[in-house]
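Architecture and fold: a report
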Amino acid sequence: MTATAPAAEATVRKSSPGAARGPRRRTGRLRRVGLPYLLLLPALLLELLVHLVPMVIGIVMSFKELTQFYIRDWSTAPWASLDNYSVSVDFDAPVGQALLHSFLVTVAFTVLSVSLCWLIGTAAAVFMQDTFRGRGLLRALFLVPYALPVYAAVITWVFMFQHDNGLVNHVLHDQLGLTDKPSFWLIGDNSFVALLTVSVWKGWPFAFLIVMAGLQNIPRELYEAAALDGAGMVQQLRRITLPSLRPVNQVLVLVLFLWTFNDFNTPYVLFGKSAPEAADLISVHIYQASFVTWNFGAGSAMSVLLLLFLLVVTGVYLALTSRGRRTAQ
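Reading the values: the criteria
- Residues numbered from 1 in each chain as written.
- Predicted model: local features only at pLDDT ≥ 70, side-chain atom pairs only at ≥ 80, totals over all residues.
- Heavy atoms only, no water.
- Helix = DSSP H or I, 4+ residues; strand = E, 2+ residues; numbered from the N terminus.
- Expected span 1.5 Å × (residues − 1).
- Bend = angle between axes of the 7 residues up to and from the residue.
- Buried < 20%, exposed > 50% of the residue type's maximum accessible area, 1.4 Å probe, protein only.
- Phe/Tyr/Trp six-rings, centres within 6.5 Å; stacked < 30°, edge-to-face > 60°.
- Core = buried A, V, L, I, M, F, W, Y, C linked by side-chain atoms within 4.5 Å.
- Contact = heavy atoms within 4.5 Å.

**Here's the deal with helix H9 (residues 190–215)**
An α-helical turn contains 3.6 residues, so any two residues separated by three or four positions project in the same direction. For H9, built from 26 residues, the straight-helix expectation of 38 Å at 1.5 Å per residue is met to within 8% by its first-to-last C-alpha distance of 37 Å. Of all bends in H9, the biggest is about 30 degrees, found at Gly203, and the proline Pro205 comes one to four residues later. Taking burial as the measure, the 26 residues of H9 include 19 buried ones, the bulk of the element.

**With respect to the packing of aromatic side chains**
Counted by the stated rule, this structure contains 20 aromatic pairs. For the pair Phe257 and Phe261, a centre-to-centre distance of 5.5 Å together with 45 degrees between the ring planes defines the contact as tilted. On the criterion of helical spacing, the pair formed by Phe257 and Phe261 is a turn pair, its members being 4 residues apart in helix H12 (residues 246–261). In this structure, Phe257 and Phe261 share a single accessibility class: buried. These aromatic residues form a ring-pair network of at least three members: Phe264, Tyr268, Tyr287, Phe291, Trp294 and Phe296.

**Overview of the nonpolar core**
Core analysis: the largest hydrophobic core is formed by 43 residues, its most contacted members being Phe161, Leu195, Phe208, Leu256, Leu270 and Phe271. Secondary structure elements with two or more residues in this core: helix H4 (94–127), helix H7 (150–160), H9, helix H10 (220–228), H12 and helix H13 (265–271). Of all the elements, H9 adds the most residues to this core, at 13 residues. Not counting the four nearest positions on each side in its chain, Leu270 is found in contact with Val154, Val158, Leu186, Ala194, Leu195 and Val198. With 9 residues, the next largest nonpolar core counts Phe261, Ile282, Met302 and Leu306 among its residues.

So, in structure tokens, the structure goes:
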């Protein structure tokens, strides 16, 4: 009686394989579900350490009177409540007037740079759709400004904009005779033109790359049918190319706007710590308010205001573009 009991249990186990496979199936399901989150964990930790933690610290610093006297231990700096924000937005005071001027310069610079980058990139991408000899080489040359390191490219432009022996003055004044005398490009009002030139030169290949990728998804049959109906190049561009590229352009314009508005490397390498008044972008202005005047509380408040502005603009832009997409559908 007792000897037959284990044999009977073994027979039951063999006859019911689902009882043994149940835990294995659950374990395999947990592995499949948890593996993606496990793979994302390093990226989430880096995002937390590199972006979110400094952002929270910056917001806390904006409510403190953090000057050079509290650099050793910034947590001991006295609370300033909303004083840093009120000083930054007081446009009747020198600090607020300087910040407003920098903001307006940045808005003008961003609008012009994004518009020119998109226009040149789109024109180049449409031109490169036709097959001709040397198209691959020309496409590679178009991407050179985007592939170069920012510092190397901007320093090259610094030498080209030199007053006495720069290439720009040599071509415009000595070779073409378009100016009465060599111009100062890195100081005065011409600094805005120099900054815009470098920004467009550096940014339009990205627009070219994105638009060219978007053009690959447009069926060639649409252009052939339009050509048979008598549509010219301009009509094809208006009726086929631009409407088909609308989703791509919506993302492209937003990315270019955020990159250009927050651009710090280009003006800093081009002009140094103190940018000319005509090219005083808000990123360099906040840097000066923080690391030149040693008022990190005011600089943090300006950074938070910039973050809020960009969040509002991005939200409004996404709402308008999504509404336009639903209307078009």
